[in-house]
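Chain by chain, the residues:
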Amino acid sequence: MERRAGSALHPEEADESEVRRYLKEYYGRTLQKTADLEKKACCSNNTATRFADVLQLIPDEVKLRNYGCGCPVPADDLTGLTVLDLGSGAGLDGFILSRLVGETGRVIGVDMTTEQIDVARRNRERVARAFGYAHPNTEFHQDYIETAAAVERGSVDLVISNCTINLSPLKDKVFETIHRVLKNGGELYIADIVADRHVPDEIKDDPKLVAECLGGALYEHELTDIMKESGFGDPRVVTRALVEEDVNAQPIRFYSITIRGVKLLPGLDRRCED
């Protein structure tokens, strides 16, 4: 199949630097708070519902810049784990995880947007004090989620991401990086936007819809195929919610899903029997 030349913001085919430049501007300067979003894809309140008690200890500056489509936090005991948040933004999910992993755990955030990383970094000490920690157990790096260069191979127990992989122009590289940084037996747990069919060009090529997490969304089966090709042989959808439909007069539905996958040990079956 012949690949056509992409527009400046065509997520899968254009020069990725153009996509990143636009998204940095949109999430760094155009958006100042969650309410500035025009679409509802990245306006989930699941986190506030599940972790209302923790949110009371997190500064308003962080909570106001919360752009997510779900709550990618497993309902498991995370005490002592090392967690990586790809596309960590102003740090809300990272700070919640800071509480859940405890003072013996570690949370690493990676985001490309200067303004959001600055918010997360200047609140590290304040959040740690609110949690009663002697020292912050969070760190935030300005980098691309496709590389996460500061994170060592096989050093992470859990990777999360909240509605940011759809923004990447190189989604296969994101999952290759996730596989690289995870320990054997480690898990990814992501919330993101998917479509019930291949996204038409009328949506893919709309800069605002790319930035609002629709234009760069994948057909759901394409997402799971990429995950499998990257080494996650048995991805499982945990939650699903319809967020947009009939966008730009196109007969398409967009869902927020939470999906999890495990970096299985070499030699094990690619699928769970149970």
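Since the model is a prediction, treat every value here as computed from it, not as a measurement.

(A) Layout of the pairing of strand β2 (residues 106-111). Among the 6 residues of β2, 5 are classified as buried, and the element is accordingly described as predominantly covered. For strand β1 (residues 82-86) and β2, the ladder comprises 5 bridges, and the chain directions are parallel. Following the sheet pairing, L86 is matched in β2 by V110. As a crossover connection, the stretch from β1 through helix α5 (residues 92-101) into β2 is right-handed. Here 5 bridges tie β2 to strand β3 (residues 138-142), and the two strands are oriented parallel to one another. Bridge pairing in β3 links V110 to H141.

(B) Region of the structure containing the packing of aromatic side chains. Using the criterion set out here, one finds 2 aromatic pairs in the structure. Between F95 and F140, the ring centres sit 5.5 Å apart and the planes meet at 70 degrees, which makes this aromatic pair edge-to-face. Taken as a pair, F95 in helix α5 and F140 in strand β3 lie far apart in primary sequence, 45 residues in all. One exposure class covers both F95 and F140, and it is buried. On the basis of an interplanar angle of 70 degrees and a centroid distance of 5.6 Å, the ring pair of F131 and Y133 is categorised as edge-to-face. Both residues of the pair, F131 and Y133, belong to the buried class. Above the ring of Y255, the side-chain terminus of R240 is found at 5.6 Å from the ring centroid.

(C) The arrangement of the packing of helix α8 (residues 171-181) against helix α11 (residues 220-229) in detail. Relative orientation of the contacting elements α8 and α11 amounts to 40 degrees, with a least axis distance of 9 Å. The orientation of α8 relative to α11 falls into the category oblique. Between α8 and α11 lies a crossing whose hand is right-handed. The segment α8 lies against α11, with K171, D172 and F175 engaging L223, I226 and M227.

(D) The pattern of salt bridges, seen in detail. Considering all chains together, one arrives at 11 salt bridges under this definition. For R106, the salt bridge identified is with E139, shortest N-O distance 3.0 Å. In this pair, R106 is assigned in strand β2 and E139 in strand β3, connecting sequence segments 33 residues apart. Here the salt bridges share partners, and the residues they tie into one network are D76, E187 and R260.

(E) Representation of the nonpolar core in the model. Ranked by internal contacts, the top residues of the largest apolar core, which has 27 residues, are I58, I96 and L97. Sorting the residues of this core by element identifies α3 (52-55), α5, α6 (114-122), α7 (124-131) and β4 (156-162) as the ones contributing at least two each. Broken down by element, the residue count for this core peaks at 5 residues, all from α5. Beyond its immediate chain neighbours, meaning those up to four positions away, L97 contacts V73, L78, V83, V107 and I160. Grouped together as the second largest cluster of nonpolar side chains are 26 residues, L86, V174, L188 and L218 included.

(F) Focus on α8. Among all positions of α8, only K171, V174, F175, T177, I178, R180 and V181 are buried. Looking at the buried side of α8, the elements it contacts are β1, β4, β5 (182-195), β6 (218-219) and α11.

(G) Examining the pairing of β4 more closely. Burial within β4 is extensive, with 7 of its 7 residues counted as buried. Two strands pair when backbone bridges link them, and β1 and β4 are joined in this way by 4 bridges, in the parallel orientation. Within β4, the position partnered with L84 by the bridge is V159. Alignment of β4 against β5, held across 6 bridges, turns out to be parallel. Bridged to N162 within β5 is A191.

(H) Fine view of the side chain of S256. Note on placement: S256 falls in strand β8 (residues 253-262). Looking at S256, its side chain comes within polar contact range of the main-chain oxygen of C69, at 2.5 Å. Look past the residues within four positions of S256 in its chain and what remains in contact with it is C69, G70, D192, I193, T239, R240, A241 and V243.

Calculation rules
Starting from 1, residues in each chain are numbered consecutively following that chain's sequence as written. Reporting in this predicted model follows two pLDDT cut-offs: at least 70 for local features of residues, and 80 or more for side-chain atom pairs to be given and counted; totals over whole chains, interfaces and linings ignore these cut-offs and use all residues. To get the side-chain values, take all heavy atoms of the structure and skip hydrogens and water. Each residue is placed in one exposure class: buried if its accessible area under a 1.4 Å probe, protein chains only, is under 20% of its type's maximum, exposed if it is over 50%, and partly exposed if it falls in between. By the criteria applied, helices consist of DSSP H or I runs no shorter than four residues and strands consist of E runs no shorter than two, each listed in order from the N terminus. Two strands pair if DSSP finds at least two bridges between them. We call a crossover right-handed when, viewed with both strands directed away from the observer, the connection leading from the first strand over the helix to the second proceeds clockwise. Each pair of aromatic rings taken from Phe, Tyr and Trp, with Trp reduced to its six-membered ring, is defined by centres within 6.5 Å and is described as stacked if the planes are under 30 degrees apart, edge-to-face if over 60, and tilted in the remaining cases. Whether a charge lies above a ring is judged from NZ of Lys or CZ of Arg, which has to be within 6 Å of the ring centre and within 35 degrees of the ring normal. In this description, a line fitted to the C-alpha atoms serves as the axis of each element, helices being fitted only across the stretch in contact, and the angle between N-to-C directions of two axes falls anywhere from 0 to 180 degrees. For classification purposes, an angle smaller than 35 degrees is called roughly parallel, one larger than 145 roughly antiparallel, one from 65 to 115 roughly perpendicular, and anything else oblique. Whether a crossing is left-handed or right-handed is set by the direction in which the near helix is turned from the far one by less than a right angle, anticlockwise for left-handed and clockwise for right-handed. In what follows, residue pairs with any heavy atoms lying within 4.5 Å of each other are defined as contacts. Basic side-chain nitrogens of Lys or Arg form a salt bridge, by our definition, when they fall within 4 Å of a carboxyl oxygen of Asp or Glu. Here the nonpolar core consists of buried residues drawn from Ala, Val, Leu, Ile, Met, Phe, Trp, Tyr and Cys, with membership extended through side-chain atoms lying within 4.5 Å. Polar contacts, as counted here, are pairs of nitrogen or oxygen atoms within 3.5 Å of one another; within protein the pair requires one atom able to donate a hydrogen and one able to accept it, and residues that are adjacent in sequence qualify only if both atoms are side-chain atoms.

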